[in-house]
Amino acid sequence: MPDPAKAHTPAGDTDIDIDAYWRSPDDRVRLYHGDSLELLDALPAESVDTIFADPPYFLSNGGMTCKNGKRASVNKGKWDQSRGVEENHEFNKRWLAACQRLLKPNGTIWVSGTSHVIYSVGFAMQQLCFKQLNEIVWEKPNPPPNLSCRYFTHATESILWAARDRKSKHYFAYSTMREENGGKQMKTVWRMTAPKKSEKSHGKHPTQKPIDLLRRILTASCDEGSVVLDPFNGSGTTGVAAASLGHNYIGFDLDADYLELTKRRLLADNERWAGLRVVS
Ligand SMILES: C[S@@+](CC[C@H](N)C(=O)[O-])C[C@H]1O[C@@H](n2cnc3c(N)ncnc32)[C@H](O)[C@@H]1O
């Protein structure tokens, strides 16, 4: 694991003219409240090493699913409603282009999604000339059953990994991944459970990702002391994983309640901040 003391802080090269919603006492983690389309444009070009984005999947269409054995709405919030195929694609292309501007020449981006969004993301990446590296399939061992019994039960999500452009020489922790996989090359199918109960002890988010998934993603793709960005922060899983691995983190979200939840998760996970004064 990288030595957190050796990592540079993001303050020098990524500080922006917008007040942060919250900064960690060592200024290595920053959360911003607002629309990522605007916030992404405020960051300096080529200042970020790794981006993880879990964007709206556009699946809040009034349908039903099964949660803890009970019928439940699939609706996650207004932010997840489809605006029609073309507008959804324009949105994906806009935030992906903004992320590409922020990546350092060898930087990489990961984007998760289901079929509702991932084809648009993949096409937008092709249009923007990202270099495709891998398509990870996250397999959930215990997916909710399909209530209509007219389809196979959905048990996977895709995660596209791409480098900034065709010339990028991306970082990959090949040996660590092989070790994690018992000495064999790690495959692109990752079997991992949904977030555990303990990961939700500070509050709930409707689309929280498992911490193990983000830890693997960042371990595989971040060199020591990286600057990690998540433009769709949610409950802050990327930030919690980044801080625990000694990286710097910047997270954006439209919803202040989710940033508050992120803050609680980060503070609980980082006792080292207890004695430090908050950076103003
Ligand atoms: C799919 S969730 C991310 C969940 C996150 N990966 C986690 O583990 O908790 C997407 C998040 O993006 C936020 N969001 C949606 N559109 C946004 C936008 N244009 N700008 C900033 N945040 C946005 C939503 O409020 C939501 O919390």
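Per chain, the residues get numbers from 1 upward, laid out in the order the sequence is written. Selection of residues for local features in this predicted model requires a pLDDT of at least 70, selection of side-chain atom pairs for listing and counting requires 80 or more, and totals for whole chains, interfaces and linings are taken over all residues.

**Brief notes about the sheet that holds strand β7 (residues 131–139)**
To keep it simple, the criterion reads: Whether two strands pair comes down to DSSP finding at least two bridges between them. Secondary structure elements are defined from DSSP: runs of H or I of at least 4 residues count as helices, runs of E of at least 2 residues count as strands, and each element is numbered from the N terminus. Any residue pair is listed as a contact if its two C-beta atoms, each placed from the backbone, are within 7 Å. Only the stretch in contact is used when a helix axis is fitted, and all axes are lines through C-alpha atoms; the angle between N-to-C directions ranges over 0 to 180 degrees.
Pairing within the open sheet is mixed, and its 9 strands lie in the order β1-β2-β11-β10-β3-β6-β8-β7-β9. A single partner strand is all that each edge strand has here, and the edge strands are β1 (22–23) and β9 (189–191). Along the sheet face, helix α7 (residues 237–244) touches β2 (29–33), β3 (48–53), β10 (227–230) and β11 (248–253) and points at about 170° away from the line of β11. The strands touched by helix α8 (residues 256–269) within the sheet are β1, β2 and β11, with β2 carrying the most contacts at an inclination of about 165°.

**Focus: the nonpolar core**
As a reminder, the rule being used: Linking buried Ala, Val, Leu, Ile, Met, Phe, Trp, Tyr and Cys residues through C-beta atoms within 7 Å yields a set, and such a set is a nonpolar core. Any residue with 12 or fewer other C-beta atoms within 10 Å of its own C-beta is exposed, any with 20 or more is buried, and the rest are partly exposed; the C-beta atoms used are placed from the backbone.
Ranked by size, the top nonpolar core spans 56 residues in total, and within it I51, C99, I109, L160 and L218 carry the most contacts. By residue number, the principal contributor to this core is helix α6 (residues 211–221), which donates 6 residues. Apart from the residues lying within four places of it in its own chain, the contact partners of L160 are V111, I118, V121, G122, M125 and E135.

**Details of the packing of helix α3 (residues 85–102) against helix α4 (residues 118–127)**
Defined as follows: In these notes the angle categories are as follows: under 35 degrees is roughly parallel, over 145 is roughly antiparallel, 65 to 115 is roughly perpendicular, and the rest is oblique. Note on convention: the crossing is left-handed when the near helix lies turned anticlockwise from the far helix by less than a right angle, right-handed when the turn is clockwise. For this classification, Asp, Glu, Lys and Arg are treated as charged, while Ala, Val, Leu, Ile, Met, Phe, Trp, Tyr, Cys and Pro are nonpolar and the rest, including Gly, are polar.
Orientation of α3 relative to α4, taken along the N-to-C sense of each, is 50°, at an axis distance of 9 Å. By the angle between their axes, α3 is oblique relative to α4. Our pair here, α3 against α4, has a crossing hand that is right-handed. From α3, N88, H89, N92, K93 and L96 reach across to α4, where they touch S120, V121, A124, M125 and Q127. Tallied by class, the residues present in the contact of α3 with α4 amount to 4 nonpolar, 5 polar and 1 charged.

These values are about where atoms sit, not about what they do.
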